[in-house]
Amino acid sequence: MKDKFYNYILKLQDQICAGLEAADGVAKFREDLWERPEGGGGRTRVIENGPEGSGVFEKAGVNISAVHGKLPDSMQQLFNVGEADFFACGLSLVIHPKSPLVPTVHANWRYFELYDNKENSSPSGRSGGAWFGGGQDLTPYYLFEEDAIHFHQTCKTACDKHNTEFYPKFKQQCDAYFWNAHRNEARGIGGLFFDYCKATEAQSMEDWFNFVTEVGNSFLEAYVPIVEKRKNLTYTPAQRTWQEIRRGRYVEFNLVHDKGTLFGLKTNGRIESILMSLPPKVQWHYDHHPAPGSEEEKLIQVLEKPKNWI
């Protein structure tokens, strides 16, 4: 399964990068190959600004990695296991457009195995076995409700092909996970989040593979039409300032709460790839509040109380 999923994310990275380059129109991805001293490595691809800042995406990264070795002590505590070896592979992307009218998007699809010891050739039941995780979520700076509906409908369509209970369950989990508890607001307008998807009598690992790849294959359909619709709209310096203030909340979540960032840091991942998710220009204003009745306040009201878009 790990070879099967790794081969899938290799191809998916190519597909997503090609789709994003087409939407950008001018910029091309830079590729870095890296190795992890303890075992494994990855392929990082980043796009920034385009020639003379003419691109649609101010910063976008689409990364894949496959790492393995001894599970660090800190991660043993997180998983509530003793000494174990692990294998993890996945694709993670974050896209920060230049225009404040085009939303930021994040997605991740991953596969994990734990082993009792290096002699074991199959995932260990004692140490947690094997599981899938992932999802995709949208973070707008100005709320276009039709864009939110499109993104969520694409997520729901992918889920419904496998189980009609998946979308409401994983949508709720997304709202709960991407919650900036110290701000008492959501990071964005959600999407899907699922984790520890293990084999059961009702759902085999092959079933989970088919579901996760269905969601991965839906990403470009969920996001690119929104980019195409909004990328040429004019915006003001004030709207750009608001975008950079809201990007600050994005940074706060990733550095304070995000388990993926924590895992990368605790397992000696490549720091440039881990922090690829951070936007290049951000602002923090003391005690900032949007004007009453403004479009900015409209967004905040939705973030404080996530809604059902479908």
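Position numbers for residues start from 1 in each chain and track the written sequence from start to end. Thresholds applied to this predicted model are a pLDDT of at least 70 for local features of residues and 80 or more for the giving and counting of side-chain atom pairs; totals over whole chains, interfaces and linings are not thresholded and use all residues. To obtain the side-chain values, all non-hydrogen atoms of the structure were included, while hydrogens and water were left out.

Enquirer: Requested: an account of the pattern of salt bridges, with residues and values cited.
Expert: In what follows, salt bridge is the name for a side-chain nitrogen of Lys or Arg lying within 4 Å of a carboxyl oxygen of Asp or Glu. Considering all chains together, one arrives at 25 salt bridges under this definition. Residue Arg43 pairs with Glu31 through a salt bridge whose shortest N-O separation is 4.0 Å. One end of the pair, Arg43, is in strand β2 (residues 40–47); the other, Glu31, is in strand β1 (residues 30–35), with twelve residues separating them in the sequence. For Glu31, a relative accessible area of 39% corresponds to the partly exposed category. In this structure, the salt-bridge partner of Glu38 is Arg36, at a minimum N-O distance of 3.9 Å. You can call Arg36 buried: its relative accessible area is 6%. Starting at the N terminus, helices and strands are each numbered in turn, a helix being any DSSP run of H or I of at least four residues and a strand any DSSP run of E of at least two. Exposure is judged per residue with a 1.4 Å probe applied to protein chains only, and the accessible area is read against the type maximum: over 50% gives exposed, under 20% gives buried, and values in between give partly exposed.

Enquirer: Break down the pairing of strand β9 (residues 190–197) for me, citing the residues and quoting the values.
Expert: The buried count for β9 comes to seven of eight residues, which makes it a mostly enclosed element. A pair of strands counts as paired when DSSP detects no fewer than two bridges linking them. Taken together, the six bridges between strand β6 (residues 130–139) and β9 define a ladder with antiparallel strand orientation. Of the residues in β9, the one forming a bridge with Phe132 is Cys197.

Enquirer: Tell me about the environment of Lys156, and name the residues and values.
Expert: Among the structural elements, Lys156 can be located in helix α3 (residues 145–160). Taking the relative accessible area as the measure of exposure, Lys156 reaches 24% and is therefore partly exposed. C-alpha separation for the pair Lys156 and Gln243, spaced 87 residues apart in sequence, amounts to 28 Å. The contact partners of Lys156, leaving out residues within four places of it in the chain, are Tyr167 and Ile310. A distance of 2.6 Å separates the side chain of Lys156 from the side chain of Asp160, its partner in a polar contact. Note on definitions: a residue-residue contact is assigned when non-hydrogen atoms from the two residues lie within 4.5 Å. We define a polar contact as two N or O atoms separated by no more than 3.5 Å, with the added condition that, inside protein, one atom must be a possible hydrogen donor and the other a possible acceptor, whereas residues neighbouring each other in sequence contribute only through side-chain atom pairs.

Enquirer: Explain helix α6 (residues 219–230) residue by residue, including any values.
Expert: Given 3.6 residues to a turn, an α-helix orients residues that are three or four positions apart in the same direction. Given the number of residues in a helix, its expected span is that number minus one, multiplied by 1.5 Å. The end-to-end C-alpha separation of α6 is 17 Å, in line with the 16 Å expected for twelve residues at 1.5 Å each. Within the span of α6, buried status applies to Phe219, Ala222, Tyr223, Val224, Ile226, Val227 and Arg230. The arc that holds every buried residue of α6, seen down its axis, measures 165°, which confines them to one face. Think of it as the arc spanned by the lines of direction from the helix axis to the C-beta atoms.

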